[in-house]
Amino acid sequence: MSVTHRSLSVAVESAFGSLSASTGLPDNSGLTFTSIPCERDPIIIYGDPVVSERADARDGSYGLAPEPDTVWASGSRVRRRTGQVSVRLDLTTIGSSAANYDSNYLGYLLGAGLLTQSHGAQSDVLSAISDVNTFTPTTTSTNYEIGALVGADLNGRAEFSAVTDNDVTGDVTVSPAFSAGFTGTPTLRLMQTWFPGSRSALGTREHSLSFRVDGVGFRSYAYGCVLESISLSLDNGRVMADLTYQAALIQDDHGNAVGPIEPTYNSGAPAFFRGSYVVLSDASPTSLTNATTGDTLGRLALDVEDFTFTITNTLTPIGHSNSLLAMSDMEISDVDVELSLTVSSPNTTINNDFFNRTLRQVLVGMGPIGDGLGAAVMIPAAYLTVDPSKYDPSGNDITRQQLTYKASRFGGDVSESGAGNSPVRLALGV
């Protein structure tokens, strides 16, 4: 058993924790697992037992074995561990093989902590463009979901924006603006977008997950898994996602070990921080009120060499004594967002943003762009937590500008259904 090749598979649970109606214990027989093409090192046998320590009176210097916090079945204690499941993988998109991520491992992983929305079409060759914020679709404008992201290949670069209104005399408006290359009749890519529950759906997500670890001589299951955090960073330009899940229950099934399972790969391409832009809006978005017409802000393109992006969910168990899980669900009681940018050519336009409490839309694009390709993240109303006029000369080569943004209230979409007015968005190409 010295070989440590191992794999991690994921399945969507039909109910939190996959409990059997007859036994009250987890039952994985109805779960369909997909092996994830993730990095091997974070894959371990997760979790630690939950125990109640015994501090009984005693007649000497010795200890007593702790009491496992669990239930009994058939006269024996049921093994129970809890803990975190960590996954590291790149954002290889689906390519042209599917219309959405609903039955894809990326959709499974993101949906365990976020909601999702798809447009009514995958792409659209535009019939006319009024300006860099407004266009006439060839398909109906209602195919464009408010709040969800769209992308286009403009002059060989991936550009992205978000829909703010889909009923402007048959037109669609977006913000922030596309570049001046947004002319003619380009093909627009309508992306699938994930977002936290908006003000009308706080604390919600698509589903919970079960994970299975497979290796030589070992197999473990994690049940009732909810996304605690997702962090995007760069590995020589390749965008890597580090995801952490809280598991309500972890159990071993070493007697049924079959060895590692070969991953299932998507047919698209990994997202790279190349051939794309980081864009700020040129003015503040609608924030503390709700817009009656969708925002249509201009753009400031930054020269960014590196970024990190993190969404952190605060998970609060809905505790109960009814089952081995000790909870009926895990509520997302708060969401924190942080985007850090390293700007290689300081932008003086934003030097006073911190002291003026200026909000801006911030959008980070990732290439390539095409059929089932590309990715982007967006904070539609972002505020700075650092002073952008404090430049960073510490590298002894060039002066940089370090920016850190957090999410504020956004009201620039004309609807709050779906992704409308959501505080942060992550989108993948379809």
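Above this text is the structure in question.
Below: a short report on this structure. (Residues numbered from 1 in each chain as written. Predicted model: local features only at pLDDT ≥ 70, side-chain atom pairs only at ≥ 80, totals over all residues. Heavy atoms only, no water.)

1. A look at the overall build of the chain
Link 1 in the chain: A tally of helices and strands in the chain yields 1 helix and 28 strands.
Link 2 in the chain: Against the 2.2 N^0.38 benchmark of 22 Å for 430 residues, the chain shows a C-alpha radius of gyration of 24 Å, consistent with a compact globule.
Link 3 in the chain: Each principal axis of the C-alpha atoms in the chain carries an extent, and together these give about 80 × 45 × 45 Å.
Link 4 in the chain: Per-residue burial for the chain yields a buried fraction of 51% across its 430 residues.
Link 5 in the chain: Once local pairs closer than 6 in sequence are excluded, the contacts in the chain between residues at least 24 apart make up 74%.
Link 6 in the chain: As presented, the chain carries roughly 17800 Å² of accessible surface, and 47% of it is formed by carbon and sulfur atoms.
Link 7 in the chain: If you average the places of the 25 positive and of the 45 negative side-chain charges in the chain, the two averages end up 5 Å apart. (Helix = DSSP H or I, 4+ residues; strand = E, 2+ residues; numbered from the N terminus. Rg over C-alpha atoms; globule rule 2.2 N^0.38 Å. Buried < 20%, exposed > 50% of the residue type's maximum accessible area, 1.4 Å probe, protein only. Contact = heavy atoms within 4.5 Å. Areas by Shrake-Rupley, 256 points an atom, 1.4 Å probe, with all protein chains shown as cover. Lys, Arg positive; Asp, Glu negative; His and termini not counted. Charge placed at Lys NZ, Arg CZ, Asp CG, Glu CD.)

2. Digging into the pattern of salt bridges
Link 1 in the chain: Here the structure, examined in full by the defined rule, presents 19 salt bridges.
Link 2 in the chain: One salt bridge connects Arg54 with Asp56, and the closest N-O pair in it is separated by 2.8 Å.
Link 3 in the chain: For Asp90, the salt bridge is made with Arg238, and the minimal N-O distance between the two is 2.8 Å. Note that Asp90 is positioned in strand 8 (residues 81-90) and Arg238 in strand 20 (residues 238-252), a separation of 148 residues in sequence.
Link 4 in the chain: By relative accessible area, which is 11% here, Asp90 ends up buried.
Link 5 in the chain: The class of Arg238 is partly exposed, set by a relative accessible area of 25%.
Link 6 in the chain: Among the charged side chains, a network of salt bridges with common partners joins Arg54, Asp56, Glu67 and Arg77. (Salt bridge = Lys/Arg side-chain N within 4 Å of Asp/Glu carboxyl O.)

3. A closer look at the side chain of Thr164
Link 1 in the chain: Secondary-structure assignment places Thr164 in strand 14 (residues 157-168).
Link 2 in the chain: Judged by its relative accessible area of 1%, Thr164 falls in the buried class.
Link 3 in the chain: One polar contact links the side chain of Thr164 to the main-chain carbonyl oxygen of Asp295, over a distance of 3.0 Å.
Link 4 in the chain: Leave out the neighbours within four places in its chain, and Thr164 touches Ile146, Thr173, Val174, Ser175, Gly294, Asp295, Gly412, Asp413 and Val414. (Polar contact = N/O pair within 3.5 Å; in protein donor to acceptor, adjacent residues only side chain to side chain.)

4. Observations regarding the nonpolar core
Link 1 in the chain: Counting 64 residues, the largest nonpolar core has Phe211, Leu232, Tyr245, Leu341 and Tyr405 as its most contacted members.
Link 2 in the chain: Those residues in contact with Tyr405 that sit more than four places away from it in its chain are Leu280, Val337, Glu338, Leu339, Leu341, Ile350, Val362, Ile379, Ala382, Tyr383 and Leu384.
Link 3 in the chain: Of all hydrophobic cores here, the second largest spans 16 residues; its members include Tyr221, Leu315, Met327 and Met330. (Core = buried A, V, L, I, M, F, W, Y, C linked by side-chain atoms within 4.5 Å.)

5. Let's talk about the pairing of strand 25 (residues 360-370)
Side-chain direction in a regular strand flips from residue to residue, so the side chains alternate between the two faces of the sheet.
Link 1 in the chain: The buried fraction of strand 25 is high, at 10 of 11 residues.
Link 2 in the chain: Here strand 21 (residues 278-281) pairs with strand 25 via 3 bridges, running antiparallel. Looking across to strand 25, one finds that Val279 is bridged to Leu363.
Link 3 in the chain: Where strand 25 lies against strand 26 (residues 373-384), 7 bridges are found, and the strand directions are antiparallel. In the strand pairing of strand 26, Val364 is matched with Val377. (Pairing = 2+ DSSP bridges.)

6. What to know about the sheet that holds strand 15 (residues 171-175)
Link 1 in the chain: Spatial ordering of the open sheet is given by 10-16-13-14-15-12-11, a layout of 7 strands whose pairing is antiparallel. Of all the strands in the sheet, just strand 10 (123-125) and strand 11 (128-131) have a single pairing partner and so form its edges. Across the sheet, the axes of successive neighbouring strands diverge by a mean angle of 35°, strand direction being ignored. (Axes fitted to C-alpha atoms, helices over the stretch in contact; angles between N-to-C directions.)

7. So, the state of the cysteines
Link 1 in the chain: Here the structure, examined in full by the defined rule, presents 0 disulfides.
Link 2 in the chain: Not part of a disulfide, Cys38 finds its nearest cysteine sulfur in Cys225, a span of 13 Å.
Link 3 in the chain: Look at Cys225 and you get buried, because its relative accessible area is 0%. (Disulfide = S-S within 2.5 Å.)

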